[in-house]
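Descriptive analysis of the structure
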Protein chains: 2
Amino acid sequence: MLTSISGFPEWLPEDRQVEQLFIDTIRKQFELFGFAPLETRAVEPLEKLLLKGETDKEIYLLRRLQADPDEADKEVGLHFDLTVPIARYVVENRGRLVFPLRRYQIQKSWRGERPSLGRFREFTQADFDIISEEELTVQSDFEIIDLLREVLQALPIPKTRLIVNNRKILQGYYQGMGIPDPAPVLRIVDKLDKIGSQGVYQQLLTEARLEPEQAAACLQLGQIKTNDPSELQSLVQSTGVRHPLLETGLEELVYLLGALGGTAQDLVLADLSLARGLDYYTGCVFEAKFRELPKYPSIAGGGRYDNLAAAGDSLRLPGIGVTIGITRILAVVLHEGLLRASRKTPSCVLVALVSEERRGHSLAIARKLRQNGVPCEVYEKPDRYGKQIRFADRRGIPFVWFPAEDGSLDGEVKDIRSGDQAPADAGTWQPPEADRRVRMEWDENAYQELLKNPVYTDQAQEE
Amino acid sequence: MLTSISGFPEWLPEDRQVEQLFIDTIRKQFELFGFAPLETRAVEPLEKLLLKGETDKEIYLLRRLQADPDEADKEVGLHFDLTVPIARYVVENRGRLVFPLRRYQIQKSWRGERPSLGRFREFTQADFDIISEEELTVQSDFEIIDLLREVLQALPIPKTRLIVNNRKILQGYYQGMGIPDPAPVLRIVDKLDKIGSQGVYQQLLTEARLEPEQAAACLQLGQIKTNDPSELQSLVQSTGVRHPLLETGLEELVYLLGALGGTAQDLVLADLSLARGLDYYTGCVFEAKFRELPKYPSIAGGGRYDNLAAAGDSLRLPGIGVTIGITRILAVVLHEGLLRASRKTPSCVLVALVSEERRGHSLAIARKLRQNGVPCEVYEKPDRYGKQIRFADRRGIPFVWFPAEDGSLDGEVKDIRSGDQAPADAGTWQPPEADRRVRMEWDENAYQELLKNPVYTDQAQEE
């Protein structure tokens, strides 16, 4: 990762190839599930960006270098996620869209906050959401998480785990115990992994000002972790707390765990401490983490929001969605050497140049190869063949084509990895399918090495 | 095109599908020619953005909503093109790159200028460049224009023409006539298409302060238009002006015209009035226009720049590159109805839902279809089949799958366009290849209608 401006990562061409293949893989899964693409503009009116709260200090405002004085009232800033923009977009274009809208959006966002481990000022995320004009059912929760799981399994990344919860359980539980403001409790219990049960208990007393028995009960709920639907049910019921919202949330989570567990039991875990920071979640919440790298931050997260896309009193478009942190994942897999491009360039063949006079011949061969879908380039100058082969080798181009003397499309093609050379006709020759396009290569040895000493680092702060 | 903030276009999902397929088509050609992908961050230091001159008023500066006072000296702005960033990137990462670098970059840029016809404040461009550590030859000029031509032919757009020139011809010619500052002359002659020969002649007298015979000679050169290499040579020589730089430029342009003309004579035209505004071009310059829509602005342009990527006195990386105006082209083809997506969603199949109890059955069918590469979705609620079919119809989903009573992967699949319905097994069923993915559909009738009354409009200013 290159960061000549702190927090604004850039890649070398070979790593950008990995990023593109990564995004292609994600996009393919989105489309298999019938999600349509969308992009929103980079800017939103400042008042829309401020609506969500908490993030005001992170916003990048735009100002024209030679701005007119009358522009001050139309302030716009760069979006800091893809949720605020889609909520605005669906309300604005409601009459032109078909609901339920299944859309995905793979785009950059910007946050002015201080760059740190896993946090960038510019980063790419892949979002997908179902947004409806009617009440969404738990089926949409399942569908969204099912797709997330498919995406994570299709990507060449460390093994993952999905952690799920339901905010209705937490809110119902806290209300059932007579806690008037659940928000600070949610936030504190969410830190269970980081500060431990003692830390959570203390903060519940001092910051959320709970009674000791309330704090203990909140901690008890937060400590429930299971992938077994019926165990989940009995553990929550054993707390003795009752509330209609709690019952609804529990029913939804039990269903979800059962539906997801059917295919990948060890990949999914209900963890009742999970709240996800954002205030707009109203039901199911979840995140994905690297299963064997527990100290690493989450790589995806999302949940149900019933009131985010709204205008006035009458219009309310409930939704559920996910954000996958592409830049955050790539920073790990590229920096740790887990993933690399199979070569530095798309070219599968370097067509050698015999002499300046015979350039037209090499160009004709290249044209024919391209017509047959083989990426290639013609060497620039009539250097010695040894130099031309070294050029291919440095970029990882697997094949060099030597044009025949007679100026035809025949010639000899050399696999420079094996040294094998054989006659070939540019009109019909095809590379092995694995060589045609650049591939992503997973390095299992590097992964096993990482597991021995999994310290989370990235280059965001190494300037 | 949706523009709830003036100059910041957004698309509906169906049009975003077209944009993606458009970009896929371009990317495929880039990769067939062995160009590697790259992205640069959205921001550059203000001083880099100001280097290029002329554009200072267009820059969007970034300011954090709650900025520290000490940040003023590190001002950054959004890039307004992809050329300034790549020039900075190659110098900065020179030791990590393999030269000659063949890179492409498909990204958004931002300009704070007033939105008008074909000019947006946020827009996507596709750039590709060859950047070398050594002198580039005319072969690179040819290769770049050859690739541009392939891209334009691969895209479903109105017929195009490439207009080529060489700045060395113009500079040598003006110097040969003893004109001390060729820059204003370049700029005025470049307007020949817009203001006509009388207008150019007058401005050469009044603004460039040329003598009448100098103005006439500059006009004579600017009026040369031909696609025949030898005619080009004789027309330029007949002016009687001689200069070594002129000879070099003419030789290069004659070669280029010959090399390009070999395959597509009517697609290429040398036009000696073409200068392209940007000061950094030093040789070959070119642009692409819609051949049958002459009033429409150029859709791509580029040229050779020998001094853009430089650091200090010693480092100079000559390059040649092109910018394709994706947003500008899409604004035309989508707004005029020339191009549309074959359906509104990636889903090829809607799997019907028989009843809530049998949802698992529909989900299993969908899973199997996806495993076989068929994009699909399951209908949300157990509505009447008629309603489910109408849902598919509204989105253009061609097939509806009715699960069999026995809960197996068998069922019936209906082509809702023809009404044909037949038994099918989700384990093996495949749609016709043309239906599997969304396609771009060109409407030749709409194009013929446009040709009858080709007034250039877009929605940029219709708010």
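Residues numbered from 1 in each chain as written. Chains lettered and ligands numbered in written order. Predicted model: local features only at pLDDT ≥ 70, side-chain atom pairs only at ≥ 80, totals over all residues. Heavy atoms only, no water.

1. Quick look at the overall build of chain A
Looking only at helices and strands, chain A has 15 helices and 19 strands in total. Here chain A, with 463 residues, has 60% of them falling under the buried criterion. For chain A, restricting intrachain contacts to residue pairs at least 6 apart in sequence, the fraction spanning at least 24 positions comes to 70%. When the accessible surface of chain A is totalled, it reaches about 18,100 Å², and 48% of it is carbon and sulfur. In chain A, 58 side chains carry a positive charge and 71 a negative one; their mean positions are 3 Å apart. (Helix = DSSP H or I, 4+ residues; strand = E, 2+ residues; numbered from the N terminus. Buried < 20%, exposed > 50% of the residue type's maximum accessible area, 1.4 Å probe, protein only. Contact = heavy atoms within 4.5 Å. Areas by Shrake-Rupley, 256 points an atom, 1.4 Å probe, with all protein chains shown as cover. Lys, Arg positive; Asp, Glu negative; His and termini not counted. Charge placed at Lys NZ, Arg CZ, Asp CG, Glu CD.)

2. Focus on the relation of the copies chain A and chain B
The operation relating chain A to chain B is a screw motion whose rotation component is 180 degrees, with 0.0 Å of axial translation and a residual RMSD of 0.0 Å. The two molecules are tied by a two-fold rotation axis, judged by turn and shift. Nearest to the rotation axis, the C-alpha of A:Leu62 is located 2.5 Å from it, this being the minimum over chain A. (Least-squares fit on C-alpha atoms with pLDDT ≥ 70 in both.)

3. So, the sheet that holds strand 17 (residues 410-415) of chain B
Residues and elements named next belong to chain B. Sheet architecture is open: five strands sit in the order 15-14-16-17-18, paired in mixed fashion. Strand pairing shows two members of the sheet lacking a second neighbour, strand 15 (376-378) and strand 18 (421-425), which therefore form its edges. Within the sheet, the average angular offset between the axes of one strand and its neighbour, ignoring direction, is 30 degrees. Relative to strand 17, strand 16 (residues 399-403) runs antiparallel, the two being bridged by five bridges. Across the sheet, the residue bridging to Pro-403 is Gly-411, located in strand 17. Against the sheet, helix 12 (residues 359-371) makes contact with strand 14 (349-351), strand 15, strand 16 and strand 17, and its axis sits at roughly 170 degrees relative to strand 15, the strand it touches most. (Pairing = 2+ DSSP bridges. Axes fitted to C-alpha atoms, helices over the stretch in contact; angles between N-to-C directions.)

4. Quick word on the pairing of strand 18 (residues 421-425) of chain A
Residue and element names in this part refer to chain A. The pairing of strand 17 (residues 410-415) with strand 18 spans five bridges and is antiparallel. Considered in strand 18, the bridge of Gly-411 is made with Ala-424. In this antiparallel pair of consecutive strands, strand 17 and strand 18, the connection spans five residues, and Gly-419 shows a positive phi of 85 degrees.

5. Notes on the packing of helix 5 (residues 167-176) of chain B against helix 6 (residues 182-189) of chain B
Residue and element names in this part refer to chain B. Two numbers describe how helix 5 lies on helix 6: the axes approach to 10 Å, and their chain directions differ by 125 degrees. Comparing the axis directions of helix 5 and helix 6 gives the class oblique. Helix 5 and helix 6 meet at a crossing whose hand is right-handed. On helix 6, the residues touching Arg-167, Leu-170, Gln-171 and Tyr-174 of helix 5 are Pro-182, Val-185, Leu-186 and Val-189. Its residues assigned to classes, the contact of helix 5 with helix 6 comprises six nonpolar, one polar and one charged. (Parallel < 35°, antiparallel > 145°, perpendicular 65-115°, else oblique. Left-handed = near helix turned anticlockwise from the far one by under 90°. Nonpolar A, V, L, I, M, F, W, Y, C, P; charged D, E, K, R; others polar.)

6. Some thoughts on the side chain of A:Ser132
As for its placement among the helices and strands, A:Ser132 is situated in the loop between strand 6 (122-131) and helix 4 (138-154). Beyond its immediate stretch of four places on either side in the chain, A:Ser132 contacts A:Phe99, A:Pro100, A:Leu317 and A:Pro318.

7. Thoughts on the nonpolar core
In terms of nonpolar packing, the biggest core is built from 91 residues, with B:Phe30, B:Phe128, B:Tyr174, B:Leu204, B:Leu232 and B:Ile324 touching the most fellow members. Residues A:Phe30, A:Ile130, A:Leu170 and A:Leu257 belong to the second largest nonpolar core, which totals 88 residues. (Core = buried A, V, L, I, M, F, W, Y, C linked by side-chain atoms within 4.5 Å.)

8. Brief notes about the sheet that holds strand 7 (residues 160-166) of chain A
Pairing within the open sheet is mixed, and its nine strands lie in the order 1-5-6-12-11-10-7-9-8 (chain A). The strands lining the two open edges of the sheet, one partner per strand, are strand 1 (36-37) and strand 8 (225-226) of chain A.

9. Re the environment of A:Thr226
Residues and elements named next belong to chain A. With respect to the helices and strands, Thr-226 occurs in strand 8. For the pair Thr-226 and Leu-269, spaced 43 residues apart in the sequence, the C-alpha separation amounts to 5.7 Å. At 2.9 Å, the side chain of Thr-226 forms a polar contact with the backbone nitrogen of Asp-228. (Polar contact = N/O pair within 3.5 Å; in protein donor to acceptor, adjacent residues only side chain to side chain.)

10. Some points on the side chain of B:Arg111
Residues and elements named next belong to chain B. Within the secondary structure, Arg-111 is located in the loop between strand 5 (101-110) and strand 6 (122-131). A distance of 3.0 Å separates a polar side-chain atom of Arg-111 from the backbone oxygen of Phe-80. Once residues within four sequence positions are removed from consideration, Arg-111 is found in contact with Glu-58, Tyr-60, Phe-80, Asp-81, Arg-119, Phe-120, Arg-121 and Phe-123.

11. As for the confidence of the model for chain A
Residues and elements named next belong to chain A. Model confidence for chain A is summarised by a mean pLDDT of 91, while 95% of its residues fall at 70 or above. Throughout residues 459-463 the model reports pLDDT below 50, and contacts reaching past four residues in sequence, or to other chains, amount to 13 contacts. Taken together, the chains of this predicted complex give a pTM of 0.94 and an interface ipTM of 0.94. (pLDDT = per-residue confidence, 0-100.)

12. Points about the packing of helix 1 (residues 13-32) of chain B against helix 4 (residues 138-154) of chain B
When two helices pack together, their arrangement is given by the angle between the helix axes and the distance between those axes. All names here are of chain B. At a minimum axis distance of 9 Å, the contact between helix 1 and helix 4 shows a crossing angle of 150 degrees. Note that helix 1 runs across helix 4; the crossing there is right-handed. Listed contacts from helix 4 to Thr-25, Ile-26, Gln-29 and Phe-30 of helix 1 are Leu-147, Glu-150, Val-151 and Ala-154. A class-by-class count of the residues in the contact of helix 1 with helix 4 yields five nonpolar, two polar and one charged.

13. Details of unusual backbone geometry
Residue A:Pro100 follows A:Phe99 across a cis peptide bond; omega there is -5 degrees. In this fold, A:Pro100 is placed in the loop between helix 3 (83-92) and strand 5 (101-110). Residues other than glycine seldom take positive phi values, yet B:Arg209 does so here, at roughly 55 degrees. Mapping B:Arg209 onto the fold places it in the loop between helix 7 (192-206) and helix 8 (212-222).

14. What about the environment of A:Gly172?
Residue and element names in this part refer to chain A. Within the fold, Gly-172 resides in helix 5 (residues 167-176). The class of Gly-172 is buried, set by a relative accessible area of 0%. For the pair formed by Gly-172 and Phe-123, sequence separation is 49 residues and the distance between their alpha carbons is 36 Å. Ignoring any residue separated from it by four or fewer positions in sequence, one finds Gly-172 in contact with His-243, Leu-245 and Leu-246.

15. Observations regarding the pattern of salt bridges
Under the definition given, this model contains 74 salt bridges over all chains. For A:Arg102, the salt bridge identified is with A:Glu143, shortest N-O distance 2.6 Å. In this pair, A:Arg102 is assigned in strand 5 and A:Glu143 in helix 4, connecting sequence segments 41 residues apart. With a relative accessible area of 13%, A:Glu143 lands in the buried category. B:Arg88 serves as the salt-bridge partner of B:Glu92, at 3.0 Å between the closest nitrogen and oxygen. One end of the pair is B:Glu92 and the other is B:Arg88, both in helix 3 (residues 83-92) and four residues apart, which spans about a single turn. Exposure remark for B:Glu92: the relative accessible area of 36% places this residue in the partly exposed category. The buried category is assigned to B:Arg88, whose relative accessible area is 4%. (Salt bridge = Lys/Arg side-chain N within 4 Å of Asp/Glu carboxyl O.)

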